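# A closer look at the structure
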Amino acid sequence: AQTAVKNAARVRCEAPVISIAMSSDAAHSYPLVAAGCMDGTVQLASYDTSSSSKVAAQALSLDRPIQHTKYVRSVAFAPSSSILASSSADGTVRLTKITSVSSAFSGDYFEKASAETQEIKTLHLSGAVEAMCFLEGGKILCCYVRNTSYLSYFDLEDGCKLTKYSLNGSAPTGGFDDHVSFAVMDLAPSPDGKYIAAATDTSRQIILESSSSRQIRNLYGHKNDGFSQPKLAWSTNGQYILGNTQEDNSICVWDIASSSIVKRLDDKTCNSGGGAHTGQIRDLYSSSTSNTFVTASYDKTVKVWLQGM
């Protein structure tokens, strides 16, 4: 672990980073990372892992800065695409296309790095956009806006046409309650794209059918409130949900079929590999290409876990 930290690349941002996303688009010479910052900016960086000794990375100079008026809540790249979505507490979602990236890598560092961007559209919504994710290979952008009772689906292939799907299990258009007793703080599509997991601030995880108001499962047994940072992710096989909890430093593992917690990864169950976190978990990410997931904690550590489920 110490070697990994020593060999890691560091890219400076001008403000604290709230969210990050990595691009899977192979159109550019080097992979991209987007960082959503407290000052409302979105910073881009390219990186190279070809060296066996050290990761190289460089911030990209943008011809058109990506700027919100309040802090950036979430960033996401569309799968296999150069489209970047950024959502903010100012109630906007910016859709930006990374048209070209110029990066010259020499030895262990980048000599120059810049990117050209094109603003596709800015969506103006009724409140802070707390969570979002891409669906259907990047054709649909799903968002949750604070103080709304529905998920907003934007069809990027039809002029960002909006369809609302109720979080109360009602019909997708008209007639549903205009209030819910929770806020959705994180959204994650299932590996097959058929479902969405929603983490709320009321100790409740909801599994919904994509492009539908149908609730498949409600998961309980953990604790999260309005002062917490609820996060979740799917296991690689799509049978389990991984999530944090406010009551301790553990990772809860729900079996979706039974709607129950089948395992807690904490200091009682983790006796090797450095053990569990000693601080609350701030974020987690499950790999779609390997049987691993990663957690980041207030204990100043990042842990890589092997999914034994």
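You'll find the structure just up there.
The following refers to the structure shown. Bear in mind the structure is a predicted one, so any value in this text is a computation, not a measurement. Residue positions are counted from 1 within each chain, in the order its sequence is given. Whole-chain, interface and lining totals are the exception, using all residues; otherwise, since this is a predicted model, local features are given only for residues with pLDDT of at least 70 and side-chain atom pairs are given and counted only at 80 or more. Only hydrogens and water are set aside when side-chain values are computed; all heavy atoms of the structure are taken into account.

This part takes up the overall build of the protein chain. Runs of E in the DSSP output that reach at least two residues are strands. Runs of H or I that reach at least four are helices, and both are numbered from the N terminus. Of regular secondary structure, the protein chain possesses one helix and 25 strands. Relative accessibility under 20% of the residue-type maximum defines a buried residue, over 50% an exposed one, and the middle range a partly exposed one, all with a 1.4 Å probe and only protein chains included. Across the 309 residues of the protein chain, 48% fall into the buried class. Note on contacts: a residue pair is in contact if any heavy atoms of the two residues lie within 4.5 Å. In the protein chain, 45% of the contacts between residues at least 6 apart in sequence involve partners at least 24 apart. Working definition of accessibility: Shrake-Rupley area with a 1.4 Å probe, residue cover restricted to the visible protein chains. On the protein chain, roughly 15,000 Å² of surface is accessible, and the fraction owed to carbon and sulfur atoms is 48%.

Attention now moves to the packing of aromatic side chains. Each Phe, Tyr or Trp ring, with Trp reduced to its six-membered ring, pairs with another whose centre is within 6.5 Å; inter-plane angles below 30 degrees give stacked pairs, above 60 give edge-to-face pairs, and intermediate values give tilted ones. Applying the stated criterion across every chain yields a total of two aromatic pairs. On the numbers, 4.9 Å between centres and 80 degrees between planes, the contact of Tyr 153 with Tyr 165 is edge-to-face. Taken together, the residues Tyr 153 in strand β13 (residues 150-155) and Tyr 165 in strand β14 (residues 161-166) connect sequence positions twelve residues apart. Owing to a relative accessible area of 5%, Tyr 153 belongs among the buried residues under this scheme. Since its relative accessible area comes to 15%, Tyr 165 is described here as buried. Relative to Trp 305, the ring of Phe 293 lies with its centre 5.8 Å away and its plane at 0 degrees, an arrangement referred to as stacked. With Phe 293 in strand β24 (residues 292-297) and Trp 305 in strand β25 (residues 302-306), the pair connects residues that are twelve residues apart, well separated along the chain. Here Phe 293 matches Trp 305 in class, with each residue buried.

When DSSP finds two or more bridges between a pair of strands, those strands are recorded as paired. Reading across the sheet, the four strands line up as β19-β20-β21-β22 and stay open at both edges, with antiparallel pairing between neighbours. Lying at the two open borders of the sheet, with one neighbouring strand each, are β19 (232-234) and β22 (260-265). Neighbour to neighbour, the strand axes of the sheet diverge by 25 degrees on average, direction disregarded. Relative to β22, strand β21 (residues 251-255) runs antiparallel, the two sharing five bridges. Within β22, the position partnered with Ile 251 by the bridge is Leu 265. Lines are fitted to the C-alpha atoms to define the axes, a helix being fitted only along its stretch in contact, and any angle between axes, read from their N-to-C directions, falls within 0 to 180 degrees.

Attention now moves to the sheet that holds β24. An order of β23-β24-β25 is seen for the three strands of this open sheet, with the pairing classed as antiparallel. Whereas interior strands pair on both sides, the edge strands pair on one side only; in this sheet they are β23 (281-286) and β25. The average undirected angle you get between the axes of adjacent strands in this sheet is 20 degrees. In terms of strand pairing, β24 meets β25 through five bridges, oriented antiparallel. When the sheet's bridge partners are listed, Val 294 is paired in β25 with Val 304.

Where a protein is soluble and globular, its nonpolar side chains tend to be buried together. To qualify as a nonpolar core, a set must consist of buried Ala, Val, Leu, Ile, Met, Phe, Trp, Tyr and Cys residues joined through side-chain atoms within 4.5 Å. Within the largest apolar cluster, 20 residues are counted, with the highest numbers of intra-cluster contacts made by Cys 142, Leu 151, Tyr 153, Leu 167 and Leu 187. Secondary structure elements with two or more residues in this core: β11 (129-135), β12 (140-145), β13, β15 (184-189), β16 (195-200) and β17 (205-209). If we ignore the near neighbours within four places in the chain, the residues touching Leu 151 are Cys 142, Cys 143, Tyr 144, Thr 163, Lys 164, Tyr 165, Leu 167, Leu 187 and Leu 208. Judged by nonpolar contacts, the second largest core, of 16 residues, contains Ala 34, Phe 77, Ile 98 and Ala 115.

Here we take up the pattern of salt bridges. Here, a salt bridge means any side-chain nitrogen of Lys or Arg that lies within 4 Å of a carboxyl oxygen of Asp or Glu. Applying the stated criterion across every chain yields a total of six salt bridges. A salt bridge links Arg 94 to Glu 119; the shortest N-O distance between them is 3.0 Å. In this pair, Arg 94 is assigned in strand β9 (residues 92-106) and Glu 119 in strand β10 (residues 109-124), connecting sequence segments 25 residues apart. Overlapping salt bridges, with partners in common, bring together Arg 73, Glu 130 and Arg 146 in one network.

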